[in-house]
Amino acid sequence: MRVIASSIRKGNVIEQDGKLYVVVTAENIHPGKGTPVSQIEMRRISDGVKISERYKTTDQVEKATIEERNFTYLYEDGDGFHFMNPETYDQVQVSKDVIGDAAAYLQESMTVKLSTHDVNVVSIALPQRVTLEVVETEPVTKGQTASSSYKPAVLSNGIRTTVPPHIAVGTRIVVMTEDGSYSERAKD
């Protein structure tokens, strides 16, 4: 299916020169003078090589036919990550290079969206937010109220982030999976 380059977004899969590429970043640039362009950074699915392309925003790009389905995360082993289709109970194994940075946020029984082309998994979409526990941070300073100053913290998945001053070790917080930023204190 051919689409204009300016409509390409992160996570889309593009077919170019008979190979599949997953879009890592897509940015539309509108200079003051000249033609607007779409700067697209993508990773070749077959071998993980990253390339960067620049298209005119009106150029046609071949978008691969992708099927998205919800899967439940089961576990990780030496072969990769294992997911189960909740409708058919079929299990699929996904390699570490397809999962990438998302691996840190995977939790047992989490529902994720896997994109497949033919029978190969090409990308993963995590839920927008996950709940994690703070395992290391500076102690709470008495009398310090929630101000604009955030302090560093390490979460149960090893990710470093910044949290408000009132968050202590052992507190469960909600973080955004896109960038690992603090969203709110968990309600559970």
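Everything quoted here is computed from the prediction, not taken from an experiment. (Residues numbered from 1 in each chain as written. Predicted model: local features only at pLDDT ≥ 70, side-chain atom pairs only at ≥ 80, totals over all residues. Heavy atoms only, no water.)

A.B. asks: Where do I start with the packing of aromatic side chains in this structure?
C.D. replies: How two aromatic rings sit relative to each other is set out by the distance from centre to centre and by the angle between their planes. For the coordinates displayed, the defined rule picks out three aromatic pairs. Considering the side-chain rings of tyrosine 73 and phenylalanine 81, the 6.3 Å spacing of their centres and the 45 degrees angle between planes classify their relative orientation as tilted. What makes phenylalanine 81 buried here is its relative accessible area of 4%. Consider the rings of tyrosine 150 and tyrosine 182, whose centres lie 6.3 Å apart with planes at 75 degrees: the pair is edge-to-face. Of this pair, tyrosine 150 sits in the loop between β12 (129–137) and β13 (151–155) while tyrosine 182 sits in strand β16 (residues 182–185), placing them 32 residues apart in sequence. In this structure, lysine 96 is placed above the aromatic ring of phenylalanine 81, and the distance from its NZ or CZ to the ring centre is 5.9 Å. (Phe/Tyr/Trp six-rings, centres within 6.5 Å; stacked < 30°, edge-to-face > 60°. Buried < 20%, exposed > 50% of the residue type's maximum accessible area, 1.4 Å probe, protein only. Helix = DSSP H or I, 4+ residues; strand = E, 2+ residues; numbered from the N terminus. Lys NZ or Arg CZ within 6 Å of the ring centre and 35° of its normal.)

A.B. asks: Honestly, unusual backbone geometry in this entry has me stumped. Any pointers?
C.D. replies: Excluding glycine, residues mostly have negative phi values, and the peptide bonds linking residues are mostly trans. Although it is not a glycine, tyrosine 89 sits at a positive phi angle of roughly 65 degrees. Residue placement: tyrosine 89 occurs in the loop between β8 (80–84) and β9 (91–94). A relative accessible area of 60% places tyrosine 89 in the exposed class. Backbone geometry places serine 109, a non-glycine residue, at a positive phi of 70 degrees. Within the secondary structure, serine 109 sits in the loop between α1 (96–99) and β10 (111–117). On the basis of relative accessibility, which here comes to 55%, the residue serine 109 falls in the exposed class.

A.B. asks: Sorry if this is basic, but what is going on with the pairing of β8 here?
C.D. replies: Consecutive side chains of a regular strand alternate in pointing toward one face of the sheet and then the other. Burial of β8 is extensive: five of the five residues sit out of reach of the surface. Relative to β8, strand β7 (residues 67–77) runs antiparallel, the two sharing five bridges. Considered in β8, the bridge of tyrosine 75 is made with histidine 82. Linking β7 to β8, which pair antiparallel, is a turn of two residues. Bridge count for β8 against β9 is four bridges, and the pairing is antiparallel. Within β9, the residue paired with phenylalanine 83 across the bridge is valine 92. Here β8 folds back onto β9, and the loop between the two strands holds six residues, one of which, tyrosine 89, carries a positive phi near 65 degrees. (Pairing = 2+ DSSP bridges.)

A.B. asks: Teacher, can you tell me more about the environment of serine 183 here?
C.D. replies: Looking at where serine 183 falls in the secondary structure, it is placed in strand β16. On the basis of relative accessibility, which here comes to 27%, the residue serine 183 falls in the partly exposed class. For the pair serine 183 and threonine 131, spaced 52 residues apart in the sequence, the C-alpha separation amounts to 9.8 Å. When residues no more than four places from it in sequence are discounted, the contact partners of serine 183 are Arg129, Val174, Val175 and Met176. At 2.9 Å, the side chain of serine 183 and the side chain of arginine 129 are in polar contact. (Contact = heavy atoms within 4.5 Å. Polar contact = N/O pair within 3.5 Å; in protein donor to acceptor, adjacent residues only side chain to side chain.)

A.B. asks: What is the right way to read the pattern of salt bridges from this model?
C.D. replies: As a working rule, side chains carrying opposite charge can pair if their charged atoms are close by. Within this structure, the stated rule accounts for six salt bridges. As a salt-bridge pair, glutamate 62 and arginine 2 come within 3.3 Å of each other at their nearest N and O atoms. Of this pair, glutamate 62 sits in strand β6 (residues 60–62) while arginine 2 is found in strand β1 (residues 2–4), placing the two residues 60 residues apart along the sequence. For glutamate 62, a relative accessible area of 27% puts it in the partly exposed group. Here glutamate 184 ties to arginine 129 by a salt bridge, and the two come within 3.8 Å at their closest N and O atoms. Taken together, the positions of glutamate 184 in strand β16 and arginine 129 in strand β12 put the pair 55 residues apart, joining distant regions of the chain. Using a relative accessible area of 30% as the deciding quantity, one classes glutamate 184 as partly exposed. On the basis of relative accessibility, which here comes to 42%, the residue arginine 129 falls in the partly exposed class. The structure contains a network of salt bridges with shared partners spanning Arg129, Glu184 and Lys187. (Salt bridge = Lys/Arg side-chain N within 4 Å of Asp/Glu carboxyl O.)

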